[in-house]
Amino acid sequence: AGVEMSEGMLKAARRSMEEVVQENILEYHPLELVDVVVLNNVLEPYARDVRALIFEHCRDFLRPGGKVIVGIALGTGSSVDSLAFPTAAAGADAATPEGIEDELSLAGFET
């Protein structure tokens, strides 16, 4: 199942997925454990402490050995920005590939 709270991204996801739920990822609790969580263009607007909560929450509903796959937008002006969030976290809280890798390690995931 896909989990999305942005109306624009929800519509886009429904074109390619059977099940999409309009929900905040931190409030979503699947009935069964899952093998994979994909966080694609989800983390950019959030500060590091919120991203840590998201990773912890995802770990709660992953099967043992489950994976988290993260995709972040690099640069500005992507079409995702206009569909989802007006701005991304800046400065020390900006989501970078290296920073996300470190945050995943701190959350207990192998990177």
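Here the structure is a predicted model, which is why all the values come from computation and not from measurement. (Residues numbered from 1 in each chain as written. Predicted model: local features only at pLDDT ≥ 70, side-chain atom pairs only at ≥ 80, totals over all residues. Heavy atoms only, no water.)

Moving on, we get to the nonpolar core. Membership of the largest hydrophobic core comes to 16 residues, with the highest contact counts inside it found for Val37, Leu39, Phe55, Cys58, Val68, Ile100 and Phe109. Looking at this core, the elements with two or more residues in it are β3 (34-40), α2 (48-60), β4 (62-71) and α4 (97-106). Setting aside anything within four residues of it in sequence, one finds valine 37 in contact with Cys58, Phe61, Leu62, Lys67, Val68 and Ile69. (Core = buried A, V, L, I, M, F, W, Y, C linked by side-chain atoms within 4.5 Å. Buried < 20%, exposed > 50% of the residue type's maximum accessible area, 1.4 Å probe, protein only. Helix = DSSP H or I, 4+ residues; strand = E, 2+ residues; numbered from the N terminus. Contact = heavy atoms within 4.5 Å.)

In contact at an axis separation of 10 Å, α2 and α4 are set at 50° when each is read in the N-to-C sense. Comparing their axes, α4 and α2 come out oblique. In this structure, the crossing between α2 and α4 has a hand that is right-handed. Every residue of α4 that contacts α2 at Arg48, Arg51 and Phe55 is listed here: Ile100, Glu103 and Leu104. (Axes fitted to C-alpha atoms, helices over the stretch in contact; angles between N-to-C directions. Parallel < 35°, antiparallel > 145°, perpendicular 65-115°, else oblique. Left-handed = near helix turned anticlockwise from the far one by under 90°.)

This structure, assessed with the given rule, holds three salt bridges. Its salt-bridge partner being arginine 48, residue glutamate 103 comes within 3.7 Å of it at the nearest N-O pair. Within this pair, whereas glutamate 103 is found in helix α4, its partner arginine 48 is found in helix α2, the two being separated by 55 residues in sequence. A single network of salt bridges, built from pairs that share partners, joins Arg48, Arg51 and Glu103. (Salt bridge = Lys/Arg side-chain N within 4 Å of Asp/Glu carboxyl O.)

Next up on the list: the confidence of the model for the protein. In regions of low pLDDT, the predicted coordinates are not meant to be interpreted in detail. Considering every residue of the protein, the mean pLDDT works out to 83; 86% of them sit at 70 or more. Here helix α3 (residues 79-83) is the element of the protein with the lowest mean pLDDT, 47, and α2 is the one with the highest, 93. Segment residues 79-86: pLDDT under 50, and twelve contacts once partners within four positions in sequence are set aside and those in other chains are kept. (pLDDT = per-residue confidence, 0-100.)

With respect to the element layout, tyrosine 46 can be found in the loop between β3 and α2. Relative accessible area serves as the criterion here: at 22%, tyrosine 46 is assigned to the partly exposed category. Placed 47 residues apart in sequence, tyrosine 46 and aspartate 93 show a C-alpha to C-alpha distance of 7.6 Å.

Overall, glutamate 103 belongs to the buried group, its relative accessible area being 9%. When neighbours within four sequence positions are excluded, glutamate 103 is seen to be in contact with Arg48, Arg51 and Phe55.

With respect to the helices and strands, leucine 10 occurs in helix α1 (residues 7-14). Taking relative accessible area as the criterion, leucine 10 reaches 0% and is therefore assigned buried. Put simply, leucine 10 and valine 21 are eleven residues apart on the chain and 8.0 Å apart in space, counted from C-alpha to C-alpha. Setting aside residues no more than four positions away along its own chain, leucine 10 makes contact with Glu4, Val20, Val21 and Gln22.

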